[in-house]
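Below are the chains, spelled out letter by letter.
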Amino acid sequence: MPITVVVADDQAMVRDGIATLLDAAPDISVVGQAANGREAVELARRHRPDVVVMDVRMPVLDGLAATQEITAVDGDPATGTRVLVLTTFDLDEYVYEALGAGASGFLLKDAPVEDLRSAVRVVAGGEALLAPSVTKRLIADIARRRRERIRARPEAFADLTPREVDVLRQIARGLSNSEIAEELFLAEQTVKTHVGRILTKLGLRDRTQAVVFCYENGLA
């Protein structure tokens, strides 16, 4: 079955272009287009797409508020609609809040076409989009602007074991499970188990929120 997508952007040419580029991929099907956040929420409820590609700045309801509504409606992050936020670096400071609200990742609007398609596939597969060169930089920048300069707060990680803290620190670096396994000399399945326990203990949706959590609490 193809990955179903809703594209939300208030600029018609941009929206149509994104939809056309995604629809051209054999494994992706665009099932709806929205000109604002309210339309995006309504289409997400109607079609239950795998992914909503969401612009941040839109009329009626912005991308942040729409993301909150969509993720709240879907409930279970393993099976519900996931949100991929599109942003322009240094302009969309709401991206950090969007990630905290449940977005599974984001991509710069000037990214190559194949990067956009790959991002949709990654997010639809239940993973967070953590491109080492772009995502970490943007998350770090926005988190740094929003928090005071603090030292690591041990109480934030009190429920984690020392090994889980080690794994969380590697997640904040943007490493995959296999890379963490190599870094910490663990089996990949063991790392996967640790990641699941970390997200459960901290009440986080996915790896993207884990990265934000680390920056907020001074671990990264």
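Residues numbered from 1 in each chain as written. Predicted model: local features only at pLDDT ≥ 70, side-chain atom pairs only at ≥ 80, totals over all residues. Heavy atoms only, no water.

Identification of the chain as Response regulator from Marinactinospora rubrisoli is taken from an unreviewed UniProt entry.

Novice: Looking at this structure, how should I read unusual backbone geometry?
Specialist: What you tend to see is this: most non-glycine residues have negative phi, and most peptide bonds are trans. Of note in the backbone geometry, arginine 48 takes a positive phi value of approximately 50° without being a glycine. When you line up the elements, arginine 48 lands in the loop between α2 (37–47) and β3 (51–55). Judged by relative accessible area, which is 43%, arginine 48 ranks as partly exposed. In this structure, valine 60 is a non-glycine residue whose phi angle is positive, near 70°. Relative to the assigned elements, valine 60 resides in the loop between β3 and α3 (63–74). (Helix = DSSP H or I, 4+ residues; strand = E, 2+ residues; numbered from the N terminus. Buried < 20%, exposed > 50% of the residue type's maximum accessible area, 1.4 Å probe, protein only.)

Novice: Sorry, what's going on with the pattern of salt bridges here?
Specialist: Where charged atoms of side chains with opposite charge meet at close range, the side chains can pair. Scanning the model with the defined rule gives 12 salt bridges in all. The partner of arginine 38 in a salt bridge is glutamate 69, with the nearest N and O atoms 3.0 Å apart. Within this pair, whereas arginine 38 is found in helix α2, its partner glutamate 69 is found in helix α3, the two being separated by 31 residues in sequence. What makes arginine 38 partly exposed here is its relative accessible area of 27%. One salt bridge connects aspartate 206 with arginine 82, and the closest N-O pair in it is separated by 3.5 Å. Taken as a pair, aspartate 206 in the loop between α9 (188–202) and α10 (207–216) and arginine 82 in strand β4 (residues 82–87) lie far apart in primary sequence, 124 residues in all. (Salt bridge = Lys/Arg side-chain N within 4 Å of Asp/Glu carboxyl O.)

Novice: What should I look at first to understand helix α1 (residues 12–23) in this one?
Specialist: Each α-helix turn comprises 3.6 residues. Residues three or four places apart therefore point the same way. An ideal rise of 1.5 Å per residue puts 16 Å on 12 residues; α1 measures up with 16 Å between its terminal C-alpha atoms. Contacts from the buried residues of α1 go to β1 (3–8), β2 (28–34), β3, β4 and α5 (113–124). (Expected span 1.5 Å × (residues − 1). Contact = heavy atoms within 4.5 Å.)

Novice: Whenever I open this one, the sheet that holds β4 confuses me. Can you help?
Specialist: In a beta sheet, neighbouring strands pair by backbone hydrogen bonds and run either parallel or antiparallel. An order of β2-β1-β3-β4-β5 is seen for the five strands of this open sheet, with the pairing classed as parallel. The two strands at the open ends of the sheet, each matched to only one other strand, are β2 and β5 (105–108). On average, adjacent strands in this sheet sit at an angle of 25° to one another, irrespective of strand direction. (Pairing = 2+ DSSP bridges. Axes fitted to C-alpha atoms, helices over the stretch in contact; angles between N-to-C directions.)

Novice: What should I look at first to understand the packing of aromatic side chains in this one?
Specialist: Working definition: an aromatic ring pair is given by the centre-to-centre distance plus the angle between the planes. For the coordinates displayed, the defined rule picks out one aromatic pair. Consider the rings of phenylalanine 157 and phenylalanine 213, whose centres lie 5.5 Å apart with planes at 90°: the pair is edge-to-face. Of this pair, phenylalanine 157 sits in the loop between α6 (135–146) and α7 (162–172) while phenylalanine 213 sits in helix α10; the two residues are 56 residues apart in sequence, bridging distant segments of the chain. Among the residues examined, phenylalanine 213 registers a relative accessible area of 14% and is labelled buried. (Phe/Tyr/Trp six-rings, centres within 6.5 Å; stacked < 30°, edge-to-face > 60°.)

Novice: Whenever I open this one, the pairing of β4 confuses me. Can you help?
Specialist: Working note: regular strand, side chains alternate between the two faces of the sheet. Counting buried positions along β4 yields six of six residues, so the element is predominantly enclosed. Both faces of β4 are covered, namely the face carrying Arg82, Leu84 and Leu86 and the face carrying Val83, Val85 and Thr87. In the sheet, β3 pairs with β4 via five bridges, with the strands oriented parallel. Residue pairing across strands places valine 52 opposite valine 83, the latter belonging to β4. Of the strand pairs in this sheet, β4 and β5 are connected by four bridges, and their pairing is parallel. Directly across from valine 85, in β5, lies its bridge partner phenylalanine 106.

Novice: For this particular structure, what's the right way to read the confidence of the model for the chain?
Specialist: For any part of a model where pLDDT is low, the fine detail of the predicted coordinates should not be relied upon. Taken as a whole, the chain shows an average pLDDT of 83; of its residues, 80% reach a score of 70 or greater. Per-residue pLDDT stays below 50 along residues 74–79; that stretch engages in five contacts with residues further than four places along the chain or on separate chains. (pLDDT = per-residue confidence, 0-100.)

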